[in-house]
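The primary structure of each chain is shown beneath.
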Amino acid sequence: VNLETVSRLKPAWSVDLDTYRGQEATPIVVDGVAYVTTAWSKVYAVNAKTGQVLWQHDPKVPGPHAAKNCCDVVNRGAAVYRGKVYVATFDGRLVALDAANGQVVWSQATFDPDSMHAISGAPRVGGGLVYIGNSGGEFGGRGYVSAYDADTGKLAWRFFTVPGEPGKPDGAASESVAESVEAVA
């Protein structure tokens with residue numbers, strides 16, 4: 001480590017976020033733009049060189065949803081893929097935003113809003129699909145991972161990580177796996 005170089009480091013810019021709630025996201029930088037999520041599933045696009053906020057998206061998560069997670073209304077990040085920014089909202093929506101202007105391209109509910117599920121994790125994208133899970137096991141929610149078409153938001157498949165009621169089909173990709181485990185048992 002060159003201490004002379006380190007001693008010259010200083011902040012180039014900063015951005016004030018509109019909340020003092022938990023901040024747990026890692027920014028993603030693509031083509032000179034830093035995309036970062038904040039509490040309540042808000043998204044900022046920031047010029048990574050100057051710190052200028054280019055756009056901001058607020059999905060307006062209803063306040064009562066804060067009771068559906070143990071650890072505040074945090075959001076752990078977004079994914080960027082083929083000109084879109086994907087964010088999962090605390091109240092269970094998966095949203096695709098136009099990376100250039102923050103406009104909603106599509107929005108898809110990933111669970112029943114009356115359930116005790118929430119989403120604080122970052123989506124992942126690959127092979128034309130956006131992958132997202134949920135939380136809520138501590139409140140009796142049945143966990144699963146879903147994949148959505150990155151262009152349209154249409155559900156491609158769902159895989160339950162927690163078994164369902166025996167003999168009651170759920171039509172998910174995990175069903176055949178559960179049946180094979182039951183057959184072995």
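Structural notes, computed from the coordinates. These figures come from a predicted structure and were not determined experimentally.

## Overview of the overall build of the protein chain
If you tally the helices and strands in the protein chain, you get two helices and 12 strands. Reading the protein chain from its N end, one meets helices and strands in the order α-β-β-β-β-β-β-β-β-β-β-β-β-α. Seen through its C-alpha atoms, the protein chain measures out along the principal axes to roughly 65 × 40 × 35 Å. Across the protein chain, the fraction of contacts at a sequence separation of at least 24, relative to all contacts at a separation of at least 6, is 41%. Total accessible area on the protein chain stands at roughly 10300 Å², and carbon and sulfur atoms take up 55% of it. Placing the 16 positive and 19 negative side-chain charges of the protein chain at their respective mean positions leaves the two points 6 Å apart.

## So, the sheet that holds strand 12 (residues 155–160)
Here we have four strands laid out as an open sheet, ordered 9-10-11-12, and antiparallel in their pairing. Two strands in the sheet have a free side with no partner beyond their single neighbour: strand 9 (124–126) and strand 12. When strand polarity is set aside, the average angle formed by the axes of neighbouring strands in this sheet is 20°. As judged from the five bridges shared by strand 11 (residues 144–149) and strand 12, these two strands associate in the antiparallel manner. For Tyr144, the partnering residue across the bridge sits in strand 12 and is Phe160.

## Regarding unusual backbone geometry
Positive phi, normally seen in glycine, also occurs at Ser41, with a value near 65°. Residue position: Ser41 is located in the loop between strand 2 (33–38) and strand 3 (42–47). Its identity is not glycine, yet Lys60 carries a phi of approximately 55°, on the positive side. Here Lys60 shows up in the loop between strand 4 (53–57) and strand 5 (79–81). Judged by relative accessible area, which is 63%, Lys60 ranks as exposed.

## Overview of the sheet that holds strand 2
Ordered in space as 1-2-3-4, the four strands form an open sheet in which the pairing is antiparallel. In this open sheet, the two edge strands, each paired with only one partner strand, are strand 1 (28–30) and strand 4. Adjacent strand axes in the sheet meet at a mean angle of 20°, parallel and antiparallel pairs treated alike. In this structure, strand 2 lies alongside strand 3, joined through six bridges in antiparallel fashion. When the sheet's bridge partners are listed, Thr37 is paired in strand 3 with Val43.

## Looking at the pairing of strand 8 (residues 104–109)
Here strand 7 (residues 93–98) pairs with strand 8 via five bridges, running antiparallel. Its bridge partner lying in strand 8, Val95 is registered against Ser107. Connecting strand 7 to the next strand, strand 8, in antiparallel fashion are five residues, including Gly102 with a positive phi near 80°.

Rules behind the numbers
- Residues numbered from 1 in each chain as written.
- Predicted model: local features only at pLDDT ≥ 70, side-chain atom pairs only at ≥ 80, totals over all residues.
- Heavy atoms only, no water.
- Helix = DSSP H or I, 4+ residues; strand = E, 2+ residues; numbered from the N terminus.
- Contact = heavy atoms within 4.5 Å.
- Areas by Shrake-Rupley, 256 points an atom, 1.4 Å probe, with all protein chains shown as cover.
- Lys, Arg positive; Asp, Glu negative; His and termini not counted.
- Charge placed at Lys NZ, Arg CZ, Asp CG, Glu CD.
- Pairing = 2+ DSSP bridges.
- Axes fitted to C-alpha atoms, helices over the stretch in contact; angles between N-to-C directions.
- Buried < 20%, exposed > 50% of the residue type's maximum accessible area, 1.4 Å probe, protein only.

This is a description of form; function is not addressed.
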